[in-house]
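Listed below, chain by chain, are the residues.
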Amino acid sequence: MWVANVDGWIEATLAFVRENRDWAFWIALVFAFGESLAFLSIAIPSTAILLGVGAFVASGELSLFPIWAGASIGAVIGSVASYAIGWHFGGPILSLWPFRNHPDAVEKGNAAFRRWGIWAVMIGHFFGPLRAVVFVMAGIARMSVPSFMVVNFIGCLAWAYVTPLFGEVAGHAIGWIWSLFTGA
């Protein structure tokens, strides 16, 4: 039931983007912010939306640059806010919702830091289960601000580019397959 609601929400959001192309930058910014903010990232399917928007790039309906720019800025704001939350509140924040309801995600975040150190922040941008907690965990771990900012900034730029780009590539592939079967 929940999945059907999420699918409908994604479709409605993509229809809104298609009808309001001039808002693509702001829409990408808001969804990337939500995807990178610890408490919202669990509930917002931004990656699916950015992939769908990437398909609009493939069809020529949108340009990649405003989507990439908006998603980059939104991801930076959300991840830095999550880092600040972890830094300010420390370990006790993990006993609050949504963290207490997802101890597996918290453990994955801890395991990522033990295994990859600072690079867990970069990796966290690309793996949904880590994204919800990795930035908070960096703050809790008191990762140095300059180290976090550099790796996080690079991760935000890369994630915001690669995610819609995959949608664009998939859109081109679907178009190519469609043309094979229809001759169009």
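The structure under discussion appears in the preceding block.
Residues numbered from 1 in each chain as written. Predicted model: local features only at pLDDT ≥ 70, side-chain atom pairs only at ≥ 80, totals over all residues. Heavy atoms only, no water.

Asks: Describe the overall build of the protein, listing the residues and the values that go with them.
Replies: Per the secondary structure count, the protein includes nine helices and zero strands. Counting helices and strands in the order they occur from the N terminus, the protein gives α-α-α-α-α-α-α-α-α. Taking all 184 residues of the protein together, the buried fraction comes to 43%. The long-range share in the protein, meaning contacts at least 24 apart out of those at least 6 apart in sequence, stands at 76%. Per element, the accessible surface of the protein, about 9,500 Å² overall, is 72% carbon and sulfur. (Helix = DSSP H or I, 4+ residues; strand = E, 2+ residues; numbered from the N terminus. Buried < 20%, exposed > 50% of the residue type's maximum accessible area, 1.4 Å probe, protein only. Contact = heavy atoms within 4.5 Å. Areas by Shrake-Rupley, 256 points an atom, 1.4 Å probe, with all protein chains shown as cover.)

Asks: Before we move on, could you go through unusual backbone geometry and cite the residues and values that matter?
Replies: Its identity is not glycine, yet Arg142 carries a phi of approximately 60°, on the positive side. Topologically, Arg142 is positioned in the loop between helix H8 (134–140) and helix H9 (145–182).

Asks: Tell me about a nonpolar patch on the surface, and please be specific about residues and values.
Replies: A cluster of nonpolar side chains, Phe16, Trp23 and Trp26, forms an exposed patch at the surface whose accessible area comes to about 380 Å². Tracing the sequence through the fold places Trp26 in helix H2 (residues 24–36). (Patch = residues over 30% accessible without salt bridge, like charges linked within 9 Å, V, L, I, M, F, W, Y side chains within 5 Å. Salt bridge = Lys/Arg side-chain N within 4 Å of Asp/Glu carboxyl O.)

Asks: How would you explain the packing of H2 against helix H4 (residues 64–89) if you had to name every residue and give the values?
Replies: At their nearest, the axes of H2 and H4 sit 7 Å apart, and the two run at 30° to each other. Classified by the angle between their axes, H2 and H4 sit roughly parallel to one another. Considering the relative orientation of H2 and H4, their crossing is right-handed. Residue-level inspection shows Ala24, Phe25, Ala28, Leu29, Ala32, Phe33 and Ser36 of H2 in contact with H4, the latter providing Pro66, Ile67, Ala69, Gly70, Ala71, Ile73, Gly74, Ala75, Ile77, Gly78, Ser79 and Ser82. (Axes fitted to C-alpha atoms, helices over the stretch in contact; angles between N-to-C directions. Parallel < 35°, antiparallel > 145°, perpendicular 65-115°, else oblique. Left-handed = near helix turned anticlockwise from the far one by under 90°.)

Asks: Could you give an account of the packing of aromatic side chains, naming the residues involved and the relevant values?
Replies: Summed over all chains, the structure comprises four aromatic pairs. Ring plane angle 90° and centroid distance 4.8 Å describe the contact between Phe25 and Trp26, whose orientation is recorded as edge-to-face. Ring centres of Tyr83 and Phe148 lie 4.0 Å apart, and the angle between their planes is 10°; this geometry places the pair in the stacked category. Here the residue Tyr83 occupies a position in helix H4, and Phe148 occupies one in helix H9, the gap between them amounting to 65 residues. You'll find Tyr83 and Phe148 in the same group, each marked buried. Among the aromatic residues, ring-to-ring pairing joins Tyr83, Trp87 and Phe148 into one connected group. (Phe/Tyr/Trp six-rings, centres within 6.5 Å; stacked < 30°, edge-to-face > 60°.)

Asks: Let's hear about the environment of Gly109: which residues, and what values?
Replies: Following the sequence through the fold, Gly109 ends up in helix H5 (residues 103–116). For Gly109, a relative accessible area of 0% corresponds to the buried category. In this structure the C-alpha to C-alpha distance between Gly109 and Phe135, which are 26 residues apart in sequence, comes to 8.8 Å. Residue contacts for Gly109: discarding those within four places in its chain leaves Leu130, Val133 and Met137.

Asks: Go over the environment of Ser147, please, and point to the residues and values.
Replies: Positionally, Ser147 belongs in helix H9. In this structure the C-alpha to C-alpha distance between Ser147 and Ile118, which are 29 residues apart in sequence, comes to 7.5 Å. A polar contact of 2.7 Å, which involves the side chain of Ser147, links it to the side chain of Ser144. (Polar contact = N/O pair within 3.5 Å; in protein donor to acceptor, adjacent residues only side chain to side chain.)

Asks: Residues and numbers for H5, please.
Replies: The terminal C-alpha atoms of H5 lie 20 Å apart, and with 14 residues this matches the ideal 20 Å at 1.5 Å per residue to within 8%. For H5, the set of buried residues is Ala105, Val106, Gly109, Ala112 and Phe113. Buried residues of H5 fall within an arc of 120° about the axis and therefore sit on the same side. The exposed residues of H5 that point more than 90 degrees off its buried face are Pro103, Arg114 and Arg115. Just downstream of H5 lies Gly117, where phi reads positive at about 60°. (Expected span 1.5 Å × (residues − 1). Arc of directions from axis to C-beta.)

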